[in-house]
Amino acid sequence: MASFYRRKRGLIFKFIVGIPALWFLIVIFTTYQGKLSNSDSDTEKRQEREVIHREKDIVPPPDNHIHFGDGDKLRHDRKIHEEEKQNLANKIQLDMHENRQQREDTGRESAKKDDTLRYKRKQSLPERPYVDPNAPGEGGKAVVIDKDKLSPEEKKKFDDGWQKNAFNQYASDMISLHRSLPDVRDPECKDLKYKDNLPDTSVVVCFHNEAWSVLLRTVHSIIDRSPPHLLKEIILVDDFSDMDHLKQPLEEYAAKLQKVKVVRTKKREGLIRARLLGYSVATGEVLTYLDSHCECAEGWLEPLLARIAEGKQHVVTPVIETIKDDDLTLRGTP
């Protein structure tokens, strides 16, 4: 009995000691597993936070890629883009045009001002070729021709000139294109002073089958006796002439002269329509219309432009002297 009790007591002791020990081991094991699980979870969370953080640092690209089903929106965006490009191109072109126009205007104003200063110093007046003072018609004097002393060939030229032009073309052809004229202005008119900033003018000369010497003397008298800064251009309007000397020879001669250009009608238009054609190509501030068989005298232009400068509604005409048709004498107003 005592031996049995001792064995039972040892078993009970083992049981009492073993169960808490086992429980302690189980608790330790369970705790360790929990820590491992928490550690793995923390690691995963930390990795997730790092991924999220990196994703936040990346700037997403603009939404300009193609989405299926967004065809209409894409076409609309492209249309807007093309319109913006076109508007920008138009603006650039307009700016370039304005800048170019401004430079041209500045250049013209500078050139005009420079011409004005040189004219005041008498340095820019056209140089006229020397003409013998005793040459036919010089000083506006008569060209006296004794027809009876002409050869038969010369008589034919004499008669043809009258027939074609109703004036003495034979005498006109003997006169220099740069002939001098007497200054028949009133003395008080010679003393008048005019502003330097008068408007410039385009001189329009209409003609039909005009004689060569008369037409070109008209042109050269305009050039020789007009202040350069006031004469913008001379426009010769050919109203469907059929004479050979008014074709290519006139084109070549005008090309050698500054500020002279030739325009032609496509059919016989008459004086008014021919003048309107000249108007359509003129670039001067003022239009001046002259006949094709006239000669401009000293100081002819400034008084006309001065009156127009006083008011744009003014229409002016000069005093027109007479050139005799038989001997081309200049007759001044008494």
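Now for a look at the structure at hand.

What counts, and at which threshold
Residues numbered from 1 in each chain as written. Predicted model: local features only at pLDDT ≥ 70, side-chain atom pairs only at ≥ 80, totals over all residues. Heavy atoms only, no water. Axes fitted to C-alpha atoms, helices over the stretch in contact; angles between N-to-C directions. Helix = DSSP H or I, 4+ residues; strand = E, 2+ residues; numbered from the N terminus. Parallel < 35°, antiparallel > 145°, perpendicular 65-115°, else oblique. Left-handed = near helix turned anticlockwise from the far one by under 90°. Contact = heavy atoms within 4.5 Å. Buried < 20%, exposed > 50% of the residue type's maximum accessible area, 1.4 Å probe, protein only. Salt bridge = Lys/Arg side-chain N within 4 Å of Asp/Glu carboxyl O. Pairing = 2+ DSSP bridges. Phe/Tyr/Trp six-rings, centres within 6.5 Å; stacked < 30°, edge-to-face > 60°. Core = buried A, V, L, I, M, F, W, Y, C linked by side-chain atoms within 4.5 Å.

**A look at the packing of helix α6 (residues 212-224) against helix α7 (residues 248-256)**
Each pair of packed helices can be described by the angle between their axes along with the distance between the axes.
Then step 1. Where α6 meets α7, the axes come as close as 13 Å, and the angle between the chain directions of the two elements is 20°. The pairing of α6 with α7 is recorded here as roughly parallel in orientation. Crossing geometry of α6 relative to α7 is assigned as right-handed. Residue-level inspection shows Trp212, Leu215, Leu216 and His220 of α6 in contact with α7, the latter providing Pro249, Leu250 and Tyr253.

**Considering the side chain of Ser221**
Then step 1. Here Ser221 shows up in helix α6.
Then step 2. According to the relative accessible area criterion, Ser221 is buried, its value standing at 2%.
Then step 3. Excluding residues within four positions of it along the chain, Ser221 makes contact with Cys294, Glu295 and Cys296.

**Brief notes about the pattern of salt bridges**
Then step 1. Applying the stated rule across the entire model yields twelve salt bridges.
Then step 2. Measuring nitrogen to oxygen at the nearest pair gives 3.8 Å for the salt bridge that ties Lys157 to Glu154. Linking Lys157 with Glu154, this pair stays in helix α3 (residues 152-165), spanning three residues, or about one helical turn.
Then step 3. Using a relative accessible area of 23% as the deciding quantity, one classes Glu154 as partly exposed.
Then step 4. A salt bridge links Glu233 to Lys261; its shortest N-O distance comes to 3.2 Å. Of the two residues, Glu233 sits in strand β2 (residues 231-238) while Lys261 sits in strand β3 (residues 260-264), which places them 28 residues apart along the sequence.
Then step 5. Looking at Glu233, the relative accessible area reads 7%, which means it is buried.
Then step 6. What makes Lys261 partly exposed here is its relative accessible area of 30%.
Then step 7. Taken together, the salt bridges that share partners define one network made up of Asp238, Glu251 and Arg264.

**What to know about the sheet that holds β2**
Then step 1. The strand order across the open sheet formed by four strands is β3-β2-β1-β4, and the pairing between neighbours is parallel. The open sheet has two free edges, formed respectively by β3 and β4 (286-290), since each of these has just one partner strand. On average, adjacent strands in this sheet sit at an angle of 25° to one another, irrespective of strand direction.
Then step 2. Relative to β4, strand β1 (residues 201-207) runs parallel, the two sharing five bridges. Within the sheet, the bridge partner assigned to Val204 lies in β4 and is Tyr289.

**A few points about the packing of aromatic side chains**
Then step 1. Using the criterion set out here, one finds two aromatic pairs in the structure.
Then step 2. Between Trp212 and Tyr253, the aromatic rings sit 5.6 Å apart at their centres with planes inclined by 80°, giving edge-to-face as the arrangement. On the criterion of sequence distance, the pair formed by Trp212 in helix α6 and Tyr253 in helix α7 is long-range, its members being 41 residues apart.

**Looking at the nonpolar core**
Then step 1. Ile222, Ile234 and Leu236 are the most contacted members of the largest nonpolar core, which totals 29 residues.
Then step 2. Considering each element in turn, this core owes the most residues, five residues, to α6.
Then step 3. The contacts of Leu236, once residues within four sequence positions are left out, are Val205, Phe207, Leu215, Val219, Leu250, Val260, Lys261, Val262 and Val263.

Without other data, these values stay purely geometric and don't point to any function.
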